Amino acid sequence: MTVEQNVLQQHSQKHQQTLLNQLREVTGTTDVQLLQQALQVSNGDLVEAVAFLTEKNAKVPQQDEATYYQTTQVGNDRYISVGSQADTNVIDLTGDDKDDLQRAIALSLEESSRAFRETGITDEEQAISRVLEASIAENKASLKRTHTEVWSDSPNPHDRKRMENCPVGLKNVGNTCWFSAVIQSLFNLLEFQRLVLHYSPPARVQDLPRNQKEHRNLPFMQELRNLFSLMVGSKRKYVDPSRAVEILKDAFKSSESQQQDVSEFTHKLLDWLEDAFQMKAEEDREGEKPKNPMVELFYGRFLAVGVLEGKKFENTEMFGQYPLQVNGFKDLHECLEAAMIEGEIESLHSSAENSAKSGQEHWFTELPPVLTFELSRFEFNQALGRPEKIHNKLEFPSMLYMDRYMDRNREITRIKREEIRRLKEHLTLLQQRLERYLSYGSGPKRFPLADVLQYAMEFASSKPVCTSPVEDIDTSAPPGGTMGQPLPTSSTAEQGPSSLPPEGSAPMTQQRVPIHKPFTQSRLPPDLPMHPAPRHITDEELRVLEGCLHRWRSEVENDTRDLQGSISRIHRTIELMYSDKSMMQVPYRLHAVLVHEGQANAGHYWAYIYDPHQHRWMKYNDISVTKSSWEELVRDSFGGYRNASAYCLMYINDKKPFLIEEEFDKETGQMLSGLDKLPPDLKAYVTEDNGLFDKEVEEWDTLQARKAQQEKLALAAAGLLDCWNTTGLVPLPDPEYMEQPSPTDDSKHLQEDTERAISKAVAEQQEERSPEGLLSAIKVEYTRLLRFAQEDTALENDYRLQHVIVYFIQNQAPKKILERTLLMQFADRNLGFDERCKSIMKVARAKLDLIKPEEVNMEEYEMWHQDYRNFRETTIFLMIGLELFQKKSFVEALMYLIYSYQYNRELLVKGLYRGHDEELIGHYRRECLLKLNDNAAGMFESGEEPEVSKGLSIMNELVVPCIPLLLVHDTEKDLLAVEDMRNRWCSYLGQEMEPNLQEKLTDFLPKLLDCSTEIKSFHDPPKLPTYSTLELVERYSRVMASLSRVPADGR
């Protein structure tokens, strides 16, 4: 077949697929074979095809086996239907109003066909357009949200600067995480990257037919080139793909918006790229057979071999992305085996031509360099009327050998499959036999036979030990008024004194009929053994019985071990069936895994991509690109125990290194990197964008330098005030926590400490000379504070809050800073009025006046005191947040805990003792968010409109904006908390609820599931009250002591 014929056949197949999609959408029939039969019978007339389907559904509810295998005809389109679902029951469209229904269907089909003829755009493409429009609409709508919901770039461009050699991320511009995952997977195929970057539109583009597809393909290709070039050479940490998404959106016109499987986008994207490269290929190879690089890279062929109603056939078909069902399979090979065999295939291997059995096998004749598997994890629930996600676990290998599926190994594979089938049958029999040993018995409860024999042996060898006699219990008179009599025991020989009959009564020679007394007669018989044991057994009987039980138990254990060993050997034999070298010649290495987290109608996408040069996995999650591992990939991709699982696997031929090889300069032999990889037009484009970014960085730096200069001027002014103070013109300003105007706050506390130090110093020195007295007092005070700084205290006794010097000592402040701060303390004008204090105060102030500007760096001095002010402020945030948390005022507590964590983290960057325990604050921040999430979920569950709105408001305004704060540092406890919150809301998707609640939930979930770590701007920090040192220390100590526990291990 020539290439031209091949292209024509492909277009014919695509047109047939369009008709199939229209029939499927209108009739609800999902059986592809039945739809194809309808088209064949009607010769492509859609109205007649619908009539055929409605008649057939009315007469034959179950599909005929012969029609199931119509896929073997030449016209069948085996291009992958991405996101295809498992066949569901055919919907019966017949009824009393059948004629009206058919007329409505005919009008619908006529309208759809006319739209296709006029625009050349299929319904499938319009569906993709609706996805893109939804994303763009979300992006535009986000610009109109309140400031509490807006994702914003950091104003500091240094935060958005790309680290050297770090891959570039893609900004999520409104529910476009699916776009990022797909594009990053393709971009990291270096051969694909080169094809896109070096693509040039046809020179004679003006001579080509200007239909809708060409208006779409060429601009999109240019924007994709621009995007790829930025991902290669940008100085930005991440780039904005909005223009590429806008091109896709503008290519289609649709008034509706609906959710589609994202795999549809991948499929259509490759179709558009194929069309664009086909135009170029036809121009470049006029008169020759054009080669389309997209087809050569992503498309392969398989041979369909089968029997239809006793007649054998073979048919070669083309495929791109290969769909695999997940439900019912444990690993990728099981999925592939099921996909390669359809129906009953026994007749394939027999020579009987009149066999009525039908079936087919698929054998790959040509595999593409890039082999993509779509894992069908979504199915439509007919009962609930909505799609559902399949969370089953599915394992896949990092290296996949495709030899067993190749046509050239057909006979070998059939032999091995037959051998595996035989082994599995034998395995089933062995497992059944083993089950009889491990679950022995005929009742509902069963036990291992070896244990049953052991229990029997233990029972037989037990010795009976009887209980003590049990006294009768006197009871009150029954309703009839007769006094109850004591019940006789079963053996008078074992009666104790308390069981003897009363004096004067007749001897108990005759048993009386006992009166039924349920409470008194429930006592244990006096001769009942303390534990189960045989009553009568001779030593000979016991010896024989023990011998038999020992022997039987050994036999059972041996049989069980033999069965288990045989089962293990069969499993191992099956596992190694394809491990010989002849079946390991077609290796495919896992290149990318596209992951979906969430449910069928809402979720988040990201990708794991292998870096062959660094030999490690990378995680591409929108703007975040981080190092990862195979263990993390397995956790997120296999599924089975969380809402995340792989929906697309991309393998590459390990024997074709050009797919991932870097490009080298032909003259120098040096590897090309950065801008050197780009053609001239793209190099200029990226250079211009980098220039804009450099300018933004320069403007930011200039602005920060201006602010710093203003601060310096302010400090210089403060220095001038110091200079004036030395002349006695202006009083020296003290930090607010060291001297307060009112004697009721910090100054009183500081004055008392200072006066005590002065009194102690004077008593020790026995001198009243002021200079020596000052030095001695300072030494006494410093010694006291040093002891506090070195003392290991409980959490509630934080001496840093009591005095700034303790904070300075623990954080190793310079000696000059300590000296000046202590002098400031003793120079306080509010010291006592006795002569000693006044004298020392004057000496201290004189010492301050004598300190030269160059001796103490006032900028550094102010910086240390500012850090202490920040520490006190952080403490107040934490203290108030914890108090509100304990009062269960979680809404009010959250902002205090959020800001205390953020400010505390900034302090800890400078040193371990600059702030508080980060794990403690993180614990209560996390717990507060979990409590708010629980409260909001409870309000949503109530179903009452005010409560639902209030709950969603809490989530949108408080919880969702804070989730990136938990994700940004990627700690395990915070990640688990986020997963708990998301799982709680995702669990509602499978429940029945009112339509308005379902709509609100569907609108809210994408915000909650967005894994971007961009920090949202939220409320300004709460305004803090002013506390004296004593009050702050007291309240902080009280709240820390009242904590139920200090979390050592998080949640």
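Residues numbered from 1 in each chain as written. Predicted model: local features only at pLDDT ≥ 70, side-chain atom pairs only at ≥ 80, totals over all residues. Heavy atoms only, no water.

- Going by what an unreviewed UniProt entry lists, the protein chain is known as Ubiquitin carboxyl-terminal hydrolase 25 and is assigned to Esox lucius.
- Looking at the protein chain in UniProt, the text filed under Function (unreviewed entry) is "The muscle-specific isoform (USP25m) may have a role in the regulation of muscular differentiation and function." (UniProt positions renumbered as here; feature names shortened; annotations may be inferred.)

1. Quick notes on the overall build of the protein chain
Item 1. Counting its regular elements, the protein chain contains 30 helices and 16 strands.
Item 2. A separation threshold of at least 6 residues defines the contact pool for the protein chain, and within that pool the share at least 24 residues apart is 75%.
Item 3. Split by element, the accessible area of the protein chain, about 53700 Å² in all, is 52% carbon and sulfur. (Helix = DSSP H or I, 4+ residues; strand = E, 2+ residues; numbered from the N terminus. Contact = heavy atoms within 4.5 Å. Areas by Shrake-Rupley, 256 points an atom, 1.4 Å probe, with all protein chains shown as cover.)

2. Brief notes about the pairing of strand 3 (residues 300–308)
Item 1. For strand 3, the tally of buried residues reaches eight of nine residues, placing the bulk of the element in the interior.
Item 2. Of the strand pairs in this sheet, strand 3 and strand 4 (residues 311–319) are connected by nine bridges, and their pairing is antiparallel. Its bridge partner being in strand 4, L308 is matched across the sheet by K311.
Item 3. Taking the residues between adjacent antiparallel strands as the criterion, strand 3 and strand 4 are bridged by two residues, where E309 takes a positive phi near 55°.
Item 4. Alignment of strand 3 against strand 7 (residues 359–366), held across seven bridges, turns out to be antiparallel. Pairing of A304 across the sheet is with H362, part of strand 7. (Buried < 20%, exposed > 50% of the residue type's maximum accessible area, 1.4 Å probe, protein only. Pairing = 2+ DSSP bridges.)

3. Notes on helix 30 (residues 1029–1041)
Item 1. An ideal rise of 1.5 Å per residue puts 18 Å on 13 residues; helix 30 measures up with 18 Å between its terminal C-alpha atoms.
Item 2. For helix 30, the set of buried residues is T1029, L1032, V1033, R1035, Y1036, S1037, V1039 and M1040. (Expected span 1.5 Å × (residues − 1).)

4. A short note on helix 14 (residues 410–438)
Item 1. Between the first and last C-alpha of helix 14 there are 40 Å, a value that for 29 residues agrees with the 42 Å anticipated at 1.5 Å per step.
Item 2. Of all the residues in helix 14, the buried ones are R410, T413, R414, K416, R417, I420, L423, L427, L430, L434 and Y437.

5. Brief notes about the packing of helix 27 (residues 945–967) against helix 29 (residues 995–1009)
Packed helices, taken two at a time, are described by the angle their axes make and the gap between the axes.
Item 1. Where helix 27 contacts helix 29, the axes come no closer than 11 Å and their chain directions differ by 5°. Taken together, helix 27 and helix 29 sit at an angle that is classed as roughly parallel. Two secondary-structure elements touch here, helix 27 through E945, V948, S949, L952, M955, N956, V960 and I963 and helix 29 through N996, L997, K1000, F1004, K1007 and L1008. (Axes fitted to C-alpha atoms, helices over the stretch in contact; angles between N-to-C directions. Parallel < 35°, antiparallel > 145°, perpendicular 65-115°, else oblique.)

6. Re the packing of aromatic side chains
Item 1. Enumeration according to the criterion identifies 31 aromatic pairs in this entry.
Item 2. Relative to Y647, the ring of Y605 has its centre 5.3 Å away and its plane inclined at 80°; by these criteria the two rings are edge-to-face. Highlighted residues: Y605 in strand 13 (residues 602–611) and Y647 in strand 16 (residues 644–653), separated in sequence by 42 residues. For the residue pair Y605 and Y647, the accessibility class agrees, reading buried in each case.
Item 3. Measuring from ring centre to ring centre gives 6.1 Å for W617 and W630, while their planes differ by 40°; the resulting arrangement is tilted. With a gap of 13 residues between them, W617 in strand 14 (residues 616–621) and W630 in helix 17 (residues 630–637) connect regions that are remote in the sequence.
Item 4. In this structure W617 comes out as buried when scored by relative accessible area, which is 7%.
Item 5. Judged by relative accessible area, W630 falls into the partly exposed class, the value being 28%.
Item 6. Cluster of aromatic residues (ring-pair linked, three or more members): Y807, F808, W864, Y868 and F871.
Item 7. When the ring centre of W606 is taken as origin, the NZ or CZ atom of K619, which lies over that ring, is 5.1 Å away.
Item 8. Above the ring of W864, the side-chain terminus of R914 is found at 4.3 Å from the ring centroid. (Phe/Tyr/Trp six-rings, centres within 6.5 Å; stacked < 30°, edge-to-face > 60°. Lys NZ or Arg CZ within 6 Å of the ring centre and 35° of its normal.)

7. Things to note about the nonpolar core
Item 1. Counting residues in hydrophobic clusters, the biggest one holds 93 residues, and the most contacted among them are F808, L894, W985 and L1005.
Item 2. Here F808 is in contact with A813, I817, L818, T821, W864, H865 and Y868, once residues within four sequence places are set aside.
Item 3. Counting 60 residues, the second-largest nonpolar core is a separate cluster that includes I183, L230, L297 and I660. (Core = buried A, V, L, I, M, F, W, Y, C linked by side-chain atoms within 4.5 Å.)

8. Notes on the pattern of salt bridges
Item 1. Per the counting criterion, the structure on display carries 42 salt bridges.
Item 2. Residue E337 pairs with R417 through a salt bridge whose shortest N-O separation is 3.0 Å. One end of the pair, E337, is in helix 13 (residues 332–340); the other, R417, is in helix 14, and 80 residues separate them in sequence.
Item 3. Across the pair D798 and R800 runs a salt bridge, and its minimum N-O distance is 2.8 Å. The same class applies to D798 as to R800, namely buried.
Item 4. Salt bridges sharing common partners tie together K619, E632, R635 and D636. (Salt bridge = Lys/Arg side-chain N within 4 Å of Asp/Glu carboxyl O.)

9. Quick notes on the packing of helix 26 (residues 918–942) against helix 27
Item 1. Orientation of helix 26 relative to helix 27, taken along the N-to-C sense of each, is 150°, at an axis distance of 8 Å. Taken together, the axes of helix 26 and helix 27 lie roughly antiparallel to each other. Where helix 26 crosses over helix 27, the two elements pack in a sense that is left-handed. On helix 27, the residues touching R925, L929, L932, N933, A936, M939, F940 and S942 of helix 26 are E947, V948, K950, G951, L952, I954, M955, L958, V959, C962, L965 and L966.
Item 2. Split by residue class, the contact of helix 26 with helix 27 holds 14 nonpolar, three polar and three charged. (Left-handed = near helix turned anticlockwise from the far one by under 90°. Nonpolar A, V, L, I, M, F, W, Y, C, P; charged D, E, K, R; others polar.)

10. Describing the side chain of H591
Item 1. Inspection of the secondary structure puts H591 in strand 12 (residues 587–599).
Item 2. Judged by its relative accessible area of 1%, H591 falls in the buried class.
Item 3. Within the structure, H591 has its side chain in polar contact with the backbone oxygen of S185 (distance 3.0 Å).
Item 4. Not counting chain neighbours up to four residues away, the residues in contact with H591 comprise S185, N188, L189, Y608, I609, Y610, W617, M650, Y651 and I652. (Polar contact = N/O pair within 3.5 Å; in protein donor to acceptor, adjacent residues only side chain to side chain.)

11. A word on the confidence of the model for the protein chain
Item 1. On average, residues of the protein chain score 75 in pLDDT, and 67% of them are at 70 or above.
Item 2. Here helix 4 (residues 65–68) is the element of the protein chain with the lowest mean pLDDT, 36, and strand 11 (residues 399–401) is the one with the highest, 94.
Item 3. The low-confidence segment residues 131–151, where pLDDT is below 50, has 49 contacts with residues more than four positions distant or belonging to other chains.
Item 4. In the predicted structure, residues 1045–1051 sits below a pLDDT of 50 and forms 23 contacts with residues beyond four places in sequence or in another chain. (pLDDT = per-residue confidence, 0-100.)

12. A closer look at the environment of V307
Item 1. Position of V307 relative to the elements: it lies in strand 3.
Item 2. Residue classification places V307 among the buried positions, given a relative accessible area of 2%.
Item 3. Considered as a pair, V307 and E361 are 54 residues apart in the sequence and their alpha carbons are 9.3 Å apart.

13. Digging into the environment of H604
Item 1. Relative to the helices and strands, H604 is located in strand 13.
Item 2. Assessed through its relative accessible area of 1%, H604 is described here as buried.
Item 3. With 402 residues separating them along the chain, H604 and P1006 place their C-alpha atoms 7.2 Å apart.
Item 4. Side chain to side chain, H604 and N621 meet in a polar contact 2.8 Å long.

14. Some words on unusual backbone geometry
Item 1. The backbone phi angle of H615 is positive, close to 55°, even though this residue is not glycine.
Item 2. The topology assignment puts H615 in the loop between strand 13 and strand 14.
Item 3. A positive phi angle, near 55°, is found at Q812, a position not held by glycine.
Item 4. Note on placement: Q812 falls in the loop between helix 21 (804–810) and helix 22 (815–826).

15. Brief notes about the environment of K816
Item 1. Along the chain, K816 turns up in helix 22.
Item 2. Take K816: its relative accessible area is 42%, and that puts it in the partly exposed class.
Item 3. For K816 and V856, which are 40 residues apart along the polypeptide, the C-alpha to C-alpha distance reads 6.2 Å.
Item 4. Every residue in contact with K816, bar those within four places of it in the chain, is listed here: E855 and V856.

16. Some words on the state of the cysteines
The bond known as a disulfide is covalent and runs between the sulfur atoms of two cysteines.
Item 1. What the rule picks out here adds up to zero disulfides.
Item 2. With no disulfide partner, C962 has as its closest neighbouring cysteine sulfur the one in C928, 8.8 Å distant. (Disulfide = S-S within 2.5 Å.)

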